[in-house]
Amino acid sequence: MMLVCRSWHQVIADTPAFWKFVWIGAGTGPQDVEGGRLKGLLRRSGQLPLSVMIAPELINRTERFHTVPDALQDQLQRVGTLSMVKTNSKISMENMPSADDIQQLLQHPLPSLERLNVGAFQICWTEDWPIHRLQIMVDSPQLQELSCHYHFIFPTSPLHLISISLISVNPSSLAPDSIELPLLLDLRLARCELATLLSAFVTPSLRRLFVDEDVSPSPTPPSLRPYPNLEELQWTDRGPDPVFSAFLPLCPNLIRYSNYQVGDEENIKFKYIDTPAIILSMLPGKSGENDGPRAGSWPKLEEVLLDVGQCDDVSALIEAIPSIQRIRILQNFTTRSDEEARAREIMLLPSLRKMVDIAFWLDPWGSNLGMHFERTEGA
């Protein structure tokens with residue numbers, strides 16, 4: 001826009017709001033040129049909160065990475081959003097920053113930081129840092145949203161966190177053993193050590209939990225705290241899971257449960273699912289490795305979403321949990337059965353639909369569409 005005319009150029013140059021987003025790694029000049037460019041951008045932003053994005057692989061480690069803390073040092077108190085995300089997967093590790101480089105940047109206080117996003121970039125190994133995962137505590141007392149992929153970068157004072165997303169993050173140690181997160185509302189864990197993290201996090205206000213995969217399943221149930229305010233649980237069903245079995249009875253006010261990640265339906269490999277949903281074995285009167293919670297454990301549960309199932313499963317859920325109003329099944333198990341089994345499903349469905357709203361695949365609630373025996377037949 002600055003190239004439209006001189007007037008536009010002057011207006012944009014003098015308007016701080018146009019300069020509060022800073023992308024470090026966009027330039028290709030030598031160190032002094034990059035430093036001057038960054039300082040010029042920062043001056044034009046006035047005193048507005050800064051949104052800083054760092055592309056580590058685009059900053060030559062040996063020549064220019066220390067330009068980042070040098071340029072930001074006097075402005076770190078204004079950084080409200082900080083993202084470190086690799087934008088080019090083809091860049092070799094030789095050009096990636098080292099652990100010392102990242103630590104030098106994050107050792108400074110970040111008093112206004114509210115959002116921190118750390119991508120899955122790899123660091124350059126050194127003799128002093130032979131591992132390739134970072135584990136750093138940062139001084140950011142106002143942090144509200146944290147997303148870490150691969151590296152565990154966490155605030156020393158997490159009291160204001162309301163959202164955490166950890167992907168492939170497995171901290172070697174958590175100190176202290178329990179981390180108070182009084183305001184946390186959303187927690188997403190994927191490919192993490194669930195027992196370690198869930199045992200450490202104290203989350204009395206948690207509303208929504210999303211669990212995709214446990215990389216190190218615990219052989220025994222962990223010691224967990226109650227989750228009195230949890231309303232939505234999406235926990236990918238991988239079969240018998242002591243952590244899930246210990247967790248589910250601790251959610252008395254659960255409203256919505258899904259045994260897959262909503263929005264990821266197209267990527268579910270149904271041909272590898274050969275057992276019923278684990279929650280069915282936890283219903284009263286069902287046999288399993290645990291005694292299961294009492295029916296009153298989920299008196300507010302209204303919606304259940306299952307990757308696979310059949311009408312008998314729907315009937316069991318309705319009988320055990322009278323509060324259920326909606327049940328979705330992505331694929332009917334009788335897809336793999338004979339015509340007689342399919343006919344029985346079709347016969348049972350109308351009577352069950354008089355009790356609850358039943359939807360298949362991605363059909364809308366209340367549509368009362370026919371049963372989809374094959375996933376590709378969905379609406």
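For the structure itself, consult the block above.
Reading guide: rules and limits
- Residues numbered from 1 in each chain as written.
- Predicted model: local features only at pLDDT ≥ 70, side-chain atom pairs only at ≥ 80, totals over all residues.
- Heavy atoms only, no water.
- Helix = DSSP H or I, 4+ residues; strand = E, 2+ residues; numbered from the N terminus.
- Buried < 20%, exposed > 50% of the residue type's maximum accessible area, 1.4 Å probe, protein only.
- Pairing = 2+ DSSP bridges.
- Right-handed = clockwise from strand over helix to strand, strands pointing away.
- Salt bridge = Lys/Arg side-chain N within 4 Å of Asp/Glu carboxyl O.
- Core = buried A, V, L, I, M, F, W, Y, C linked by side-chain atoms within 4.5 Å.
- Polar contact = N/O pair within 3.5 Å; in protein donor to acceptor, adjacent residues only side chain to side chain.
- Contact = heavy atoms within 4.5 Å.

On to the environment of Q122. Locating Q122 in the fold gives a position in the loop between β4 (115-118) and β5 (135-138). Separated by 23 residues in sequence, Q122 and A99 place their C-alpha atoms 9.5 Å apart.

Quick look at the pairing of strand β16 (residues 326-332) now. Burial analysis of β16 places 6 of its 7 residues in the buried class, the great majority of the element. Here 6 bridges tie strand β15 (residues 303-309) to β16, and the two strands are oriented parallel to one another. Looking at the pairing, L305 lines up with R328 of β16. Between the parallel pair β15 and β16, the chain is carried across by helix α8 (residues 311-320), and the sense of this crossover is right-handed. Across 4 bridges, β16 lies against strand β17 (residues 357-360) in parallel orientation. From the neighbouring strand, R328 faces β17, where its bridge partner is A359.

Examined against the element boundaries, G366 turns out to sit in the segment after β17. With relative accessibility at 48%, the residue G366 sits in the partly exposed group. The spacing of G366 and R326 is 40 residues in sequence and 9.1 Å in space, taken between C-alpha atoms.

Overall, the coordinates contain 8 salt bridges when judged by the stated rule. Across the pair R115 and E114 runs a salt bridge whose closest N-O atoms are separated by 3.4 Å. A relative accessible area of 29% means that E114 is categorised as partly exposed. Of the charged contacts in the structure, one is a salt bridge between R208 and D186, with a shortest N-O distance of 2.4 Å. Of this pair, R208 sits in strand β12 (residues 208-211) while D186 sits in strand β10 (residues 186-190), placing them 22 residues apart in sequence.

With that out of the way, let us pick up the nonpolar core. Ranked by size, the top nonpolar core spans 90 residues in total, and within it L166, L198, L233, W235 and F247 carry the most contacts. Considering every element that reaches this core, the biggest residue donor is α8, with 6 residues. In this structure, I268, L305, V308 and W361 belong to the second largest nonpolar core, which totals 8 residues.

We now examine the side chain of E303. Its place among the elements puts E303 in strand β15. The class for E303 is buried, based on a relative accessible area of 8%. Only 2.6 Å separates the side chain of E303 from the side chain of R256, close enough to count as a polar contact. Side chain to side chain, E303 and R326 meet in a polar contact 2.8 Å long. Filtering out sequence-adjacent residues up to four positions away, E303 remains in contact with I255, R256, Y257, R326 and W365.

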